[in-house]
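What follows is the residue order along each chain.
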Amino acid sequence: MIRSNAENLIRKSMARFVDNELVPKAQEIDEKGEFPRELFEQLGRMGVFGIRYPKAKGGSGGNCVLFCTVCEELARGLMSLAAISAMQSLMGTNFLFRFGSEEIKEKYFHPAMRGEKVACFCLTEPEAGSDLGNASTLAVRTENGFLINGMKTWVTNGPVADFYTVLCQTNPEKKFKGLNFFLVPADTPGLSRGKPFDLLGTRNTKICEIAFKDCFVPLDHMLGGEGQGMTNLLSILAEIRTMTAALAIGLQRAALGDCIRYAHERAQFGKTIANYQLIQAKIANMAVDLEASRLLTYKAARMVDDNIPCLTEASMAKYFATEAACRAADQATRIFGAYGYSMEYSPQRYYRDNRFLLYGGGTHEILQTNIAKWAGL
Amino acid sequence: MDIVVLIKQVPDSSEVKLDPKTGHLLREGIGAIMNPDDRHALEAAVRLKEAHGGRIVVLSMGPAQAIDVVSEAIGMGADEAVLLSDSAFAGADTWATSSTLGKAIEKIGKYDLIICGRQAIDGDTAQIGPQVAEYLGLPQVTYVFDIEAVTDGTVVVKKRLEDGYEKVQCDLPALLTVIAEVNRTRYPAIGNLIDACGEQAPITIWNAADIGVMTCDVGLAGSLTHVIRTFAPKGGRQTQMLEGDTGTVVRTLLEKLRENHLVLTDSGVLSAECREGKLS
Ligand SMILES: Cc1cc2nc3c(=O)[nH]c(=O)nc-3n(C[C@H](O)[C@H](O)[C@H](O)COP(=O)(O)OP(=O)(O)OC[C@H]3O[C@@H](n4cnc5c(N)ncnc54)[C@H](O)[C@@H]3O)c2cc1C
Ligand SMILES: Cc1cc2nc3c(=O)[nH]c(=O)nc-3n(C[C@H](O)[C@H](O)[C@H](O)COP(=O)(O)OP(=O)(O)OC[C@H]3O[C@@H](n4cnc5c(N)ncnc54)[C@H](O)[C@@H]3O)c2cc1C
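If you're wondering where the values come from, they're calculated on a predicted model, not measured in any experiment. (Residues numbered from 1 in each chain as written. Chains lettered and ligands numbered in written order. Predicted model: local features only at pLDDT ≥ 70, side-chain atom pairs only at ≥ 80, totals over all residues. Heavy atoms only, no water.)

Here we look at unusual backbone geometry
Look at the link from B:L172 to B:P173: it is a cis peptide, with omega at -5°. Structurally, the position occupied by B:P173 is in the loop between β9 (164-171) and β10 (174-178). Despite not being glycine, A:W154 shows a phi value in the positive range, around 55°. Within the fold, A:W154 resides in strand β3 (residues 145-156). (Helix = DSSP H or I, 4+ residues; strand = E, 2+ residues; numbered from the N terminus.)

Shown next as structure tokens:
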């Protein structure tokens, strides 16, 4: 029986969305620096946020490969929207989907899938970045729930979110084993949001600190079994890293495409700069980086889909593709000459936005350390 | 309200290039897309379905690759798709295309409305809609840019004219051809696209036998027109620079224009006249 290939079909469909709705407006949206509410809602209506959840349970019935395909296309158009979308599809909703009661799903998960509620994910604290075991936001058991006290920072979507998935310590003596995730609705008394951070890149993702002062949540708001927080986080870590690698591929493609176009247009010394071997070398390197990133990333994505442990592959993909995205943006600022330094052209945005990829899901120093260990060091 | 939407897969370019030697379309390196007007036809159908209920069946005649446009149509909200695909359908002119589509619509059977695009960006004839309506003996309204109301077995639409519009009420079943102005199209839903690629996808493929036609009545064999030669018009230009003072240049220019049977019209615009055209 003849059938279309889902990966091709979704890629083509998302590419049309990106080419029509994002590429021509990305510069303007970035300059405004606001949370892109309308685009967010449109992605919700398109079922983008549900791509990695099964259809019978409110998702769109895709998988990690399709999720990465969508992340890649969106990132080619506008990294901040891609980041918001990835947060909504994975980290911000995953524990509600897996561990939330039907009531919680009805109230938060399904509206989040439809783009009616904004999700986010709170791990990082002022004193706990890479060292998550140091997280000290405390959830103390009361008779019928938990009281949460503490502070989270670098919360993507924090200023606009409707609910928060928060990593808390329930038993400091147990360190890692005392960590648990909690659902904290934005309207919980005692929850306050800090001022949005002034950021170098991805200026449409709004980020802030969130303070919790005696925030009460009922028992069923603990997402996952007691002491399972770190294990549950680990269970999606490979997918987080693979997704980040896919975002990096999108940025590489945007930079490479713009550079090729510009090299054909810009003439110096009587010919277009595409004729110069040093420009060709840069384009060639970007193309090789892109292809290598694709191979690493989609290999990891397929392993995620096949339930094969792949933290190593995913870490390599995230590390390589992100570094390649940084190189691509760097080269773009050179190929564009002075215009690469102007806020009117795209390379500056790629140059700023690529930095976003460096931290979340593990810094490259942490990744390199782990990769070396896994390699046998 | 049951609706059949006609959809054609076309090359992703309005500038179709021809092989100068064979006269065949050069399709290499050009992707294929849903004909832009047809996307609006489908959107119109989905909105009618949202307002009045019913089912949407999309119908496309094309090679196996056209599965992608019918899958996309499912993504946008069609309930079912039929792809007419058979090597016997190849090379159809507008007669063979519309009569084959007509046969398939007869087999689909149940419909209140057929909606097509006004024109395909490759074949460009804008004949299929009207011819399908004739074949099925249905009333038709072309160039529709607004579907105002569907009530009591009639549809009220606005049809674009060169210098205005016409409001038409038409009995159902009827056929409409729509232009892009009719609506803003939605993007397909990811979940529907995924479904359209699955084993259970509501997509059926019909060949000539399935719709009960003889292969000699469809495709190239069943076509009434036969293309003798296809060629791209020569777009080359010859430039001649006129020299001398203004008077001389203007005089020479006018002479040259007359020599080439080109005249200056009242509005001052140069227009190309036929060889035996009048000179002013
Ligand atoms: C745009 C953006 C969005 C973010 N969104 C979120 C979010 O939504 N939710 C959330 O919880 N967090 C978020 N974060 C925070 C992110 O997860 C952290 O930045 C990351 O975990 C690193 O922590 P840190 O910044 O405190 O760096 P630190 O851990 O303080 O590291 C500082 C430096 O030391 C290095 N380093 C640390 N430990 C080691 C070691 N053992 N070996 C070698 N080098 C080491 C690091 O690699 C880095 O170079 C976001 C960050 C950014 C920039
Ligand atoms: C190089 C070339 C030469 C041709 N020469 C001839 C010729 O000599 N004589 C002749 O009669 N025709 C000729 N055609 C037209 C060809 O037969 C048409 O492609 C075909 O019949 C459809 O007509 P159209 O593309 O003009 O569609 P249009 O009439 O412009 O399309 C209008 C609408 O009809 C529907 N529709 C059209 N085709 C299909 C389809 N296959 N499946 C489902 N819906 C459809 C769509 O809704 C579309 O928006 C030629 C085409 C080409 C590209």
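That shown, we press on.
A closer look at the interface of chain A and chain B
Contacts between the two partners involve 26 residues from chain A and, on the opposite side, 25 residues from chain B. Between chain A and chain B lies a buried interface of about 2100 Å² when both sides are counted; carbon and sulfur atoms form 58% of it. Linking chain A to chain B there are three salt bridges. Salt-bridge contacts for B:D195 lead to A:K55; the nearest nitrogen and oxygen are separated by 2.4 Å. (Contact = heavy atoms within 4.5 Å. Buried area = accessible area lost by both parts, 1.4 Å probe. Salt bridge = Lys/Arg side-chain N within 4 Å of Asp/Glu carboxyl O.)

Things to note about the domain arrangement of chain A
Residue and element names in this part refer to chain A. On domain assignment, one finds that chain A holds domain 1 (5-113), domain 2 (121-227) and domain 3 (230-375). Each of domain 1 and domain 2 has a C-alpha centre, and these two points are 23 Å apart. If you look at the interface, domain 1 gives 25 residues, while domain 2 gives 18 residues. Looking at the side of domain 1 facing domain 2, the largest losses of area belong to M87, F95 and Y108, adding up to 27% of the total buried there. Its salt-bridge partner being D30, residue R203 comes within 3.3 Å of it at the nearest N-O pair. Broken down by secondary-structure element, the contributors of at least two residues to the side of domain 1 that touches domain 2 are α2 (26-32), α5 (79-89), α6 (94-99) and α7 (102-113). (Domains from an automatic or database assignment.)

Some words on the confidence of the model for chain B
All names here are of chain B. Chain-level statistics for chain B give a pLDDT mean of 90 and a share of 92% at 70 or above. Note that pLDDT drops below 50 for residues 273-280; the model gives that stretch 11 contacts with residues more than four away or on any other chain. Confidence estimates for the predicted assembly give a pTM of 0.91 and an ipTM of 0.93. (pLDDT = per-residue confidence, 0-100.)

A look at the pairing of β10(B)
All names here are of chain B. Most of β10 is tucked away: five of the five residues are buried. The side-chain alternation of β10 yields two buried faces, one formed by A174, L176 and V178 and the other by L175 and T177. By the bridge criterion, five bridges tie strand β6 (residues 113-117) to β10 in an arrangement that is parallel. The residue of β10 that forms the bridge with L113 is A174. Where strand β7 (residues 140-151) meets β10, three bridges bridge the pair, whose relative direction is parallel. Among the inter-strand pairings, Q140 is bridged to a residue of β10, identified as L175. (Buried < 20%, exposed > 50% of the residue type's maximum accessible area, 1.4 Å probe, protein only. Pairing = 2+ DSSP bridges.)

Let's talk about helix α8 (residues 229-265) of chain A
Given 3.6 residues per turn, any residue in an α-helix points the same way as the ones three and four places further on. Residues and elements named next belong to chain A. For α8, built from 37 residues, the straight-helix expectation of 54 Å at 1.5 Å per residue is met to within 8% by its first-to-last C-alpha distance of 53 Å. Along α8, the sharpest change in direction is near 40° and occurs at I236. Most of α8 sits out of view: 28 of its 37 residues are buried. (Expected span 1.5 Å × (residues − 1). Bend = angle between axes of the 7 residues up to and from the residue.)

Here we look at the site of ligand 2
All names here are of chain B. Around ligand 2, 27 residues are found, and the nearest of them are K8, D38, A92, A120 and T125. In the environment of ligand 2, an oxygen atom lies 2.8 Å from a nitrogen or oxygen atom belonging to the backbone of A126. Relative to its unbound accessible area of 920 Å², ligand 2 is 84% covered by the protein chains. Among the elements of the structure, β4 (56-61), α3 (94-108) and β6 are those that each provide at least two residues to the shell around ligand 2. Of the residues that constitute the shell around ligand 2, the class distribution is 11 nonpolar, 10 polar and six charged. (Near = heavy atom within 4 Å. Polar contact = N/O pair within 3.5 Å; in protein donor to acceptor, adjacent residues only side chain to side chain. Areas by Shrake-Rupley, 256 points an atom, 1.4 Å probe, with all protein chains shown as cover. Nonpolar A, V, L, I, M, F, W, Y, C, P; charged D, E, K, R; others polar.)

Observations regarding the sheet that holds β7(B)
Residues and elements named next belong to chain B. In spatial order, the strands read β9-β8-β7-β10-β6-β1-β4-β5-β11; together these nine strands make up an open sheet with mixed pairing. Only two strands of the sheet have a single neighbouring strand rather than two, namely β9 and β11 (203-206). Strand-to-strand twist across the sheet, computed as the mean angle between neighbouring axes with direction ignored, equals 30°. Its contacts with the sheet put helix α4 (residues 128-136) on β1 (3-6), β6, β7 and β10, and the angle it makes with β10 is roughly 180°. (Axes fitted to C-alpha atoms, helices over the stretch in contact; angles between N-to-C directions.)

Side note on the environment of A:R11
All names here are of chain A. On the secondary structure map, R11 appears in helix α1 (residues 6-22). Note on R11: relative accessible area 21%, which makes it partly exposed. The spatial distance from the C-alpha of R11 to the C-alpha of T156 is 26 Å, given a sequence separation of 145 residues. What R11 contacts, discounting residues up to four positions off in sequence, is T69, E72, E73, R253 and Y298.

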